[in-house]
Amino acid sequence: MTRGLRNCNPGNIRKSKTKYLGEIIPSRDPAFKQFRTMAWGYRAMFVVLDSYSRKGYRSIRKMILRYAPPIENYTENYIRCVAELSGVEADALPDTRDRATMVPVVAAMSRVENGRPAVMTDVEEGWRLFIIHKP
């Protein structure tokens, strides 16, 4: 099992000052956040991408460049895979509050991060939590 799946953190969100609903504090992982369930981990991914969009990182390409910087990732491959798997073009400007767009994008990112398809019921529950607990 991958670290992201063990931590219920399918996006491999690193430890930071930002606190998310459903986060286990303190995380037992030395570098990454842990969440109570996969759904809470997916909600955190939706929150991160929504916050990037509001800060001017509007396209999938710009969001992923911020999320998975080239200094530690094969970012161009990451972008290509997410675009192909989600059906959302890399330079598209998605509405981060649109379920039909963002659920496939986050599921694709989870697949890149963990090397296996996301469990869609968990992603959908993460979206539901994002909508009812909007940041």
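Sequence positions are assigned chain by chain, starting from 1 and proceeding in written order. Only residues with pLDDT of at least 70 get local features here, since the model is predicted, and only at 80 or more are side-chain atom pairs given and counted; chain-wide, interface and lining totals rely on the full set of residues. Hydrogens are left out, water is left out, and the side-chain values use all remaining heavy atoms of the structure.

Here we look at the overall build of the protein chain
Which entries qualify depends on this criterion: Put simply, DSSP marks the helices as runs of H or I at least four residues long and the strands as runs of E at least two long, and each gets a number from the N terminus on. Radius of gyration: over C-alpha atoms. The globule rule applied is 2.2 Å multiplied by the number of residues raised to the 0.38 power. For every residue, the accessible area obtained with a 1.4 Å probe (protein chains only) is divided by the maximum for its type, and the residue is called buried under 20%, exposed over 50%, and partly exposed between those limits.
When helices and strands are tallied, the protein chain shows 6 helices and 0 strands. When the helices and strands of the protein chain are placed in sequence order, the string is α-α-α-α-α-α. In terms of C-alpha radius of gyration, the protein chain reaches 13 Å, essentially the compact-globule figure of 14 Å for 135 residues. Referenced to the eigenvectors of the C-alpha coordinate spread, the extents of the protein chain come out at roughly 35 × 35 × 30 Å. Counting only residues that meet the buried cut, the protein chain has 49% of its 135 residues in that class.

A few points about the packing of aromatic side chains
Geometrically, a pair of aromatic rings is defined through the distance of the ring centres and the angle of the planes. Heads up, the condition is: Classification of ring pairs rests on two measures: the distance between centres of Phe, Tyr or Trp rings, Trp counted by its six-membered ring, which must be within 6.5 Å, and the angle between planes, read as stacked under 30 degrees, edge-to-face over 60 and tilted in between.
The tally for this structure, following the rule as stated, stands at 6 aromatic pairs. Taken together, Phe46, Trp127 and Phe130 form an aromatic cluster joined through their ring pairs.

Considering helix 2 (residues 38–54)
Going by this rule: Here the expected span of a helix is defined as 1.5 Å times the quantity of residues minus one.
Helix length check: helix 2, at 17 residues, gives a terminal C-alpha distance of 25 Å against a target of 24 Å (1.5 Å per residue), a fit within 8%. Among the 17 residues of helix 2, 16 are classified as buried, and the element is accordingly described as predominantly covered.

A short note on the nonpolar core
As a reminder of what qualifies: Residues grouped as a nonpolar core are buried Ala, Val, Leu, Ile, Met, Phe, Trp, Tyr and Cys residues, joined through side-chain atoms within 4.5 Å.
Residues Phe46 and Tyr67 are the most contacted members of the largest nonpolar core, which totals 39 residues. Sorting the residues of this core by element identifies helix 2, helix 3 (60–67), helix 4 (75–86), helix 5 (99–114) and helix 6 (120–132) as the ones contributing at least two each. Per element, the largest residue contribution to this core is 11 residues, and it comes from helix 2.

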